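Notes for the structure review
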Amino acid sequence: MRKLLFLALLALQAFGQKRPVTLETLNDYRGGTPRGIPGEPVWAPDGKTFLFRQRSQLRLYDLANRQARDLVDLAPLDTAAVTPPSAERNEWENRRVDEASLQWDAAGKQVLYFNDGDIFLIDVANGKWKQLTRTPAAERDLKFSPDGRRISFRRNWDLYVLNLADGAETRLTANGSDTLRNGGMDWVYPEELSLGTAYWWSPDSKAIAYLQFDVSQEPLYPHEDLRGARPVYEPQRYPKAGENNPQVRLGVVPETGGVTRWLDLGDTVRTALIARAGWADATHVYAVRTNRVQNQLEILLFEDASAAGRAIYKENDPYWINVEGDPVFLKDGKRFVWTSERDGFRHLYIFSSSGGEPQQLTRGAWVVSDIAGVDEHAGRVYFRSTEDSLLE
């Protein structure tokens, strides 16, 4: 809500200023939004400040003082980045892929910046920055390790870890290709399951769990770009109803590199979908698996060093199960907060990994949209819902 109010006030202020119609002012509008309006706030871990981009300036807003200050001009960083070569054809990446161009470390002292080419590290105290990568291939889906000592990213369908102390890179996978994607997805999974990323750090920063997508069995859909003098063939891996999905594997690899331990997910080409995955705690990986028609769901928990998972929760519906958000495991690793439509409306529940009936936290003829956060110390769950209005 604070983000929406902040953006709305600044937007009204910008639109209220009369400006002559020139090529320059027209260029300031992209998709109907003035470039001078700040971008989406990126909150610091302590919730007391947030970053936002306004034109080329990265600015820091202090809630207590109600003041913003310039942190760093991003134009020199953009200039220093190596621009990846232009693709000969459209790669058909799904719009729901979730990648952050700005990201805080857990301590709230450093920020990662990504600009479609390379990665930069910015010191929040003084605005000084350093370039972490300088390659013709774009680094994608960057993430801080939970301890803040390393970052991870994907380059050319393989996963890498970079040590911030000395800049040393470790390549975690080495067999990535356009049809074998380590830590990267096909087009359908983000579209139909809203899966935004395909790899996750363990809470202790010692390992990474990742999905591998083998899309070689997915049929090619024959797109073409007809805008030029000659058409450009731009095929896309896309299964129509009843055709092969990608083969999806879930693996765990040490952050220092080495052999990936693959977990048993069953047949993901014809039978199952992997809707979510991640870590329950430092030694347990979970996967949310549904059948292909999506009326049966189960959460699998994989013990450390075991490839076989056990089902800790199952749900069935005569027609369809919507998968929304990720289960939020509590610190004990034995309970998690998630939403379910088991009573007819999507509501919050606490589930136990040992089984039994879940504890329902909210109820009524309205819908919980998503979980905004869990404060275990205070015993609170923050969520968004339609309780007051379907439009709010």
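Summary of the structure given here.

Here is what the cut-offs are and how they apply
- Residues numbered from 1 in each chain as written.
- Predicted model: local features only at pLDDT ≥ 70, side-chain atom pairs only at ≥ 80, totals over all residues.
- Heavy atoms only, no water.
- Helix = DSSP H or I, 4+ residues; strand = E, 2+ residues; numbered from the N terminus.
- Buried < 20%, exposed > 50% of the residue type's maximum accessible area, 1.4 Å probe, protein only.
- Contact = heavy atoms within 4.5 Å.
- Areas by Shrake-Rupley, 256 points an atom, 1.4 Å probe, with all protein chains shown as cover.
- Phe/Tyr/Trp six-rings, centres within 6.5 Å; stacked < 30°, edge-to-face > 60°.
- Lys NZ or Arg CZ within 6 Å of the ring centre and 35° of its normal.
- Pairing = 2+ DSSP bridges.
- Axes fitted to C-alpha atoms, helices over the stretch in contact; angles between N-to-C directions.
- Salt bridge = Lys/Arg side-chain N within 4 Å of Asp/Glu carboxyl O.

1. Focus on the overall build of the protein chain
- When its secondary structure is counted, the protein chain shows four helices and 33 strands.
- With the principal axes as the frame, the protein chain shows a C-alpha extent of 60 × 50 × 45 Å.
- Relative to its full complement of 392 residues, the protein chain shows a buried share of 43%.
- Of the contacts formed within the protein chain by residues at least 6 apart in sequence, a portion of 43% connects residues at least 24 apart.
- For the protein chain, the computed accessible surface area is about 21,300 Å², with 49% contributed by carbon and sulfur atoms.

2. Some details on the packing of aromatic side chains
- Applying the stated criterion to the full structure yields 16 aromatic pairs.
- Lying over the aromatic face of Y199, K143 brings its terminal NZ or CZ to 3.9 Å of the ring centre.
- Against the face of W262 rests R249, its NZ or CZ located 3.8 Å from the ring centre.

3. A closer look at the sheet that holds strand β27 (residues 309-316)
- Strand order in this open sheet of four strands is β24-β25-β26-β27, and the pairing throughout is antiparallel. Two strands in the sheet have a free side with no partner beyond their single neighbour: β24 (272-281) and β27. Going across the sheet, the axis of each strand differs from the next one's by a mean of 20°, ignoring polarity.
- Judged from the six bridges that link them, strand β25 (residues 284-291) and strand β26 (residues 296-302) form a sheet pairing that is antiparallel. Opposite V285, over in β26, you have F302 as the bridge partner.

4. A closer look at the pattern of salt bridges
- One pass over the full model with this rule turns up 19 salt bridges.
- Ionic pairing is found between E255 and R150, a salt bridge with its closest N-O pair at 3.2 Å. Placement of the pair is E255 in the loop between β22 (247-254) and β23 (261-263) and R150 in strand β12 (residues 150-155), with a sequence separation of 105 residues.
- You can call E255 buried: its relative accessible area is 13%.
- Here the salt bridges do not stand alone but share partners, grouping E93, E99 and R140 into one network.

Worth remembering: the numbers are spatial, not functional.
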